[in-house]
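Spelled out from the first residue to the last, the chains are:
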Amino acid sequence: MEAQSLPAALALVAGGGVGLSPERQAALGASLPLVQRDYRFERVWFWGCIQGLRGAYYIAEGLGPDRAAPRSRLYSLNCLDWSLLTPATKEMLALAEQVKGRFQGDPSFEYNLSEINAEAAARLMESGKEPVMKEEARLIATIEQIDREVGIVPRGAFVKTPLGSVHENRHFEGLSLVEAKKLSSYFHFTEPVNLKNKTLLEKANLDPSIDFLDSLEHDIPRGSWSIQLEKGGTVVVLRSLLWLGLTFYHVPMTKQFGYVYFGTGEKNLDLPFML
């Protein structure tokens, strides 16, 4: 969600019992504009918070002119001092899937992979690397995974130019209330997968400038999203059941939308058995 309108945005998703204390909000309001200035970001989004056993990680994302380009991610332990995270790699994502359990809240904490997955540890040792994974690397991989799987935007909020770059749609005035209650009106804000498998007949009714992402209606498992109307029917709230703690909001007929994550950073792998 936008750092500039953080207090108002947090109030819209507060129905799920998540939020920040006034002290944390004040600290973010003072530090995020400085992050935007120092790193020369065009926009800064407050991504959310991953709660560990000994502390919490507060996450922010910096965006450049091309909204589809890889985002710069930063974390803080106190909402004031921010550290830049390295981009996620395939190796990080593969190792992070092996690690189970809660985050500790200490970026320098090391997970011993030989105790978790002997095969993965053996492969690392063969390549001359230590069979350990720092919590900072797990944090990077978890943020990337959540963004890929449940980071969403309304249809039409972004447009793709003929040159391939993605920008905010200045003509977007929000979804109607009827459209806002449909899963097909929301897209995953990441590289499309299902779109490439569609036939020419299925693509015939799509607008290539706004329908360039995968919609939520074909997500697996089906039923992994809950849609609710809150604040007297003036706000549409989507909650992910796959990554518990991810909340998206949109005020119909306005440009107000965003998502935030407040959780433990653990994927709900039992979801298919719960539906």
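Residues numbered from 1 in each chain as written. Predicted model: local features only at pLDDT ≥ 70, side-chain atom pairs only at ≥ 80, totals over all residues. Heavy atoms only, no water.

Colleague: Honestly, the overall build of the chain in this entry has me stumped. Any pointers?
Modeller: Within the chain one finds nine helices and 14 strands. Over its C-alpha trace the chain gives a radius of gyration of 19 Å, about what one expects of a compact globule, namely 19 Å for 275 residues. Projected onto its principal axes, the C-alpha positions of the chain cover 55 × 50 × 40 Å. Counting only residues that meet the buried cut, the chain has 47% of its 275 residues in that class. In the chain, the proportion of contacts linking residues at least 24 apart, taken out of those at least 6 apart, comes to 59%. Taken as two groups, the 29 positive and 33 negative side-chain charges of the chain have centres that lie 4 Å from each other. (Helix = DSSP H or I, 4+ residues; strand = E, 2+ residues; numbered from the N terminus. Rg over C-alpha atoms; globule rule 2.2 N^0.38 Å. Buried < 20%, exposed > 50% of the residue type's maximum accessible area, 1.4 Å probe, protein only. Contact = heavy atoms within 4.5 Å. Lys, Arg positive; Asp, Glu negative; His and termini not counted. Charge placed at Lys NZ, Arg CZ, Asp CG, Glu CD.)

Colleague: Would you mind showing me how to read the packing of aromatic side chains here?
Modeller: A complete count under the given rule lists 10 aromatic pairs for this structure. Look at Tyr57 and Tyr75: their rings are 5.9 Å apart centre to centre, the planes differ by 75 degrees, and that puts the pair in the edge-to-face class. Of this pair, Tyr57 sits in strand S2 (residues 56-63) while Tyr75 sits in strand S3 (residues 72-76), and the two are 18 residues apart along the sequence. Tyr75 sits in the buried class, given a relative accessible area of 10%. Between Phe158 and Phe257 the ring centres are 6.3 Å apart and the planes differ by 80 degrees, which places this aromatic pair in the edge-to-face class. Here the residue Phe158 occupies a position in strand S8 (residues 158-160), and Phe257 occupies one in strand S14 (residues 257-263), the gap between them amounting to 99 residues. Considered together, Phe158 and Phe257 belong to a single accessibility category, that of buried residues. Connected via pairs of aromatic rings, a cluster forms that spans Phe158, Phe172, Phe189 and Phe257. Between the NZ or CZ atom of Arg138 and the centre of the ring of Phe103, over which it lies, the distance is 4.2 Å. (Phe/Tyr/Trp six-rings, centres within 6.5 Å; stacked < 30°, edge-to-face > 60°. Lys NZ or Arg CZ within 6 Å of the ring centre and 35° of its normal.)

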